[in-house]
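# What the coordinates show
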Amino acid sequence: MRAILGPQLSAVMERLIPLLVGIFCVMLTLLPWGTSTNFLVPPAFALMAVFHWALYRPDLMPPVSVFLIGVYHDLASGGPIGLWALIYLFTYGVVVSQRLFFIGRPFFAIWLAFGIIAVVSGLIVWTASGLYFGAVLSPVPALVQALVSFVLFPVLGRFFSMIQHRFSSPV
């Protein structure tokens, strides 16, 4: 990619790719999933992206990018402002702080860690949404989202790895 764009533009693009993928993942999450009579809970695509880049290339996704993805998700979803920004920053912080532990571990350990993050994030969203709307909401959609995200993480993780290897220089 460097030969095509030049070194300066290529370096900027390398840093923008994770942010742009994160924004795209938010849009994908907010698409109407299902039919007009049967709504399906979408996977937490952006959570997967934040987790992936925090683990494998935190240099390409700094906290400010994570915050921007979260604020975009908050504004686009119409939920409590700051909720997704907080969740994504929490995820980023946990993953970056444990990064050395996970590097070199089998994928199953990383997948399990993502599953725990997905469940915790879902419970935070459920609790905060209930407080925000002043109602007791069913936890089922949050738990289903965590489960679907967990199941799809290997596929999306592979996709993020392909993007990472295609558009970024080796560490």
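Just so you know, these numbers come straight off a predicted model, no measurement behind them.

Counting residues in hydrophobic clusters, the biggest one holds 39 residues, and the most contacted among them are Leu 47, Phe 51, Trp 53, Ile 69, Tyr 88 and Phe 160. Counting residues per element, the ones that place at least two in this core are α2 (7–30), α3 (45–56), α4 (63–77), α5 (83–97), α7 (107–133) and α8 (140–167). Sort the elements by how many residues they give to this core and α3 lands first, with 10 residues. Ignoring anything within four residues of it in the chain, the contact list for Tyr 88 reads Ala 46, Leu 47, Val 50, Val 66, Ile 69, Gly 70 and His 73.

Glancing now at a nonpolar patch on the surface. Residues Val 119, Leu 123, Trp 126, Tyr 132, Phe 133, Leu 137 and Leu 143 make up a contiguous nonpolar surface patch of about 620 Å² in total accessible area. For the nonpolar patch, the element with the highest residue contribution is α7, accounting for 5 residues. Looking at the element boundaries, Leu 137 is found in the loop between α7 and α8.

In this fold, Leu 143 is placed in helix α8. Residues Leu 143 and Leu 123, 20 residues apart in the sequence, show an inter-C-alpha distance of 7.5 Å.

When the terminal C-alpha atoms of α3 are compared, their 17 Å separation across 12 residues agrees well with the 16 Å that a helix rising 1.5 Å per residue should span. Counting buried positions along α3 gives 11 out of 12 residues, so the element sits mostly inside the fold.

Okay, empty space enclosed by the protein next. Overall, the coordinates contain 2 cavities of 30 Å³ or more when judged by the stated rule. Volume-wise, the largest cavity comes out at about 60 Å³. Along its surface, the largest cavity is lined by Ala 44, Leu 47, Trp 84, Ala 118, Ser 121, Gly 122, Val 125, Ala 142, Gln 145, Ala 146 and Ser 149. Contributions of two or more residues to the lining of the largest cavity are made by α7 and α8. For the lining of the largest cavity, the class distribution of residues is 7 nonpolar, 4 polar and no charged.

Turning our eyes to something else, we now look at the confidence of the model for the protein chain. The pLDDT averaged across the protein chain works out to 87; a share of 87% of its residues lies at or above 70. Taken element by element, the protein chain is modelled with least confidence in helix α1 (residues 2–5), mean pLDDT 53, and with most confidence in α5, mean pLDDT 96.

Checked against the element boundaries, Gln 145 lands in helix α8. With relative accessibility at 14%, the residue Gln 145 sits in the buried group. Beyond its immediate stretch of four places on either side in the chain, Gln 145 contacts Thr 29, Val 41, Pro 42, Pro 43, Ala 44 and Trp 84.

One can describe the packing of α5 onto α7 by two numbers: an axis separation of 11 Å at closest approach and a directional angle of 155 degrees. The angle between α5 and α7 places the two elements in the roughly antiparallel class. For α5 against α7, the interelement crossing comes out right-handed. Between α5 and α7, the residues in contact are Leu 83, Trp 84, Ile 87, Phe 90, Thr 91 and Val 94 and Ile 117, Val 120, Ser 121, Ile 124, Val 125, Ala 128 and Ser 129, respectively. Per-class residue counts for the contact of α5 with α7 are 10 nonpolar, 3 polar and no charged.

Parameters at a glance
Residues numbered from 1 in each chain as written. Predicted model: local features only at pLDDT ≥ 70, side-chain atom pairs only at ≥ 80, totals over all residues. Heavy atoms only, no water. Core = buried A, V, L, I, M, F, W, Y, C linked by side-chain atoms within 4.5 Å. Buried < 20%, exposed > 50% of the residue type's maximum accessible area, 1.4 Å probe, protein only. Helix = DSSP H or I, 4+ residues; strand = E, 2+ residues; numbered from the N terminus. Contact = heavy atoms within 4.5 Å. Patch = residues over 30% accessible without salt bridge, like charges linked within 9 Å, V, L, I, M, F, W, Y side chains within 5 Å. Areas by Shrake-Rupley, 256 points an atom, 1.4 Å probe, with all protein chains shown as cover. Salt bridge = Lys/Arg side-chain N within 4 Å of Asp/Glu carboxyl O. Expected span 1.5 Å × (residues − 1). 1 Å grid on protein atoms, 1.4 Å probe; cavity = no way out; pocket = protein on both sides within 12 Å on 5 of 7 lines; lining within 4 Å. Points joined across faces, edges and corners; volume = space filled by probe spheres on them. Nonpolar A, V, L, I, M, F, W, Y, C, P; charged D, E, K, R; others polar. pLDDT = per-residue confidence, 0-100. Axes fitted to C-alpha atoms, helices over the stretch in contact; angles between N-to-C directions. Parallel < 35°, antiparallel > 145°, perpendicular 65-115°, else oblique. Left-handed = near helix turned anticlockwise from the far one by under 90°.

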